[in-house]
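The residues making up each chain are set out below.
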Amino acid sequence: MFRLLMETGAELLSKLFSVEISMGLLGELLTVLNREWSGSHEHVVVAILECLTHSQRFSLSIKFLSQQERKELKELVHKISSHQECVDKAHHLKQLYDISD
């Protein structure tokens, strides 16, 4: 699934999820992105995370993430922030995904 996300890219994913991203699917995507993380894909992962926030019901989907899915999200953003060129993006993602330190 990770490879499929990387090949699909943020632009097409944004179109696919423009109306909504189901609550269960959002958690699955976050988990896959975290568990399959590779530092060589950080810019694509950041772009995907940013595009998902443009879904019309994104804020509602975030509220229904399980504790485990929220943990996966925090770990992923932490991994992103470990790359010097992505520190600002990671900070922005924390705001978009309502992640507290």
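This is a predicted model, so every value here is computed, not measured.

Asker: Lay out the confidence of the model for the protein chain with the relevant residues and their values.
Answerer: Overall, the prediction assigns the protein chain a mean pLDDT of 93, with 100% of residues at 70 or greater. Taking the mean pLDDT of every element in the protein chain, the minimum, 91, falls on helix H4 (residues 58-63) and the maximum, 96, on helix H5 (residues 67-81).

Asker: How would you summarise a nonpolar patch on the surface if you had to cite specific residues and measurements?
Answerer: Taken together, Met-23, Leu-60 and Phe-64 make up a surface patch of nonpolar side chains, about 290 Å² in accessible area. Tracing the backbone through its elements, the reader meets Leu-60 in helix H4.

Asker: I'd like a description of the environment of Leu-25, backed by residues and values.
Answerer: Following the sequence through the fold, Leu-25 ends up in helix H2 (residues 23-35). In this structure the C-alpha to C-alpha distance between Leu-25 and Ser-61, which are 36 residues apart in sequence, comes to 9.2 Å. Setting aside its immediate chain neighbours within four residues, Leu-25 contacts Met-1 and Phe-17.

Asker: Give me the lowdown on the nonpolar core, citing residues and values where you can.
Answerer: Judged by nonpolar contacts, the single largest core of 31 residues is most densely connected at Leu-33, Val-45, Leu-49, Leu-52, Ile-80 and Tyr-97. Where this core is concerned, the elements lending two or more residues are helix H1 (2-16), H2, helix H3 (42-52), H4, H5 and helix H6 (87-96). Here this core takes six residues from H3, the largest share from any one element. Setting aside its immediate chain neighbours within four residues, Leu-52 contacts Phe-17, Ile-21, Leu-26, Leu-29, Phe-58 and Tyr-97.

Basis of the calculations
- Residues numbered from 1 in each chain as written.
- Predicted model: local features only at pLDDT ≥ 70, side-chain atom pairs only at ≥ 80, totals over all residues.
- Heavy atoms only, no water.
- pLDDT = per-residue confidence, 0-100.
- Helix = DSSP H or I, 4+ residues; strand = E, 2+ residues; numbered from the N terminus.
- Patch = residues over 30% accessible without salt bridge, like charges linked within 9 Å, V, L, I, M, F, W, Y side chains within 5 Å.
- Areas by Shrake-Rupley, 256 points an atom, 1.4 Å probe, with all protein chains shown as cover.
- Salt bridge = Lys/Arg side-chain N within 4 Å of Asp/Glu carboxyl O.
- Contact = heavy atoms within 4.5 Å.
- Core = buried A, V, L, I, M, F, W, Y, C linked by side-chain atoms within 4.5 Å.
- Buried < 20%, exposed > 50% of the residue type's maximum accessible area, 1.4 Å probe, protein only.

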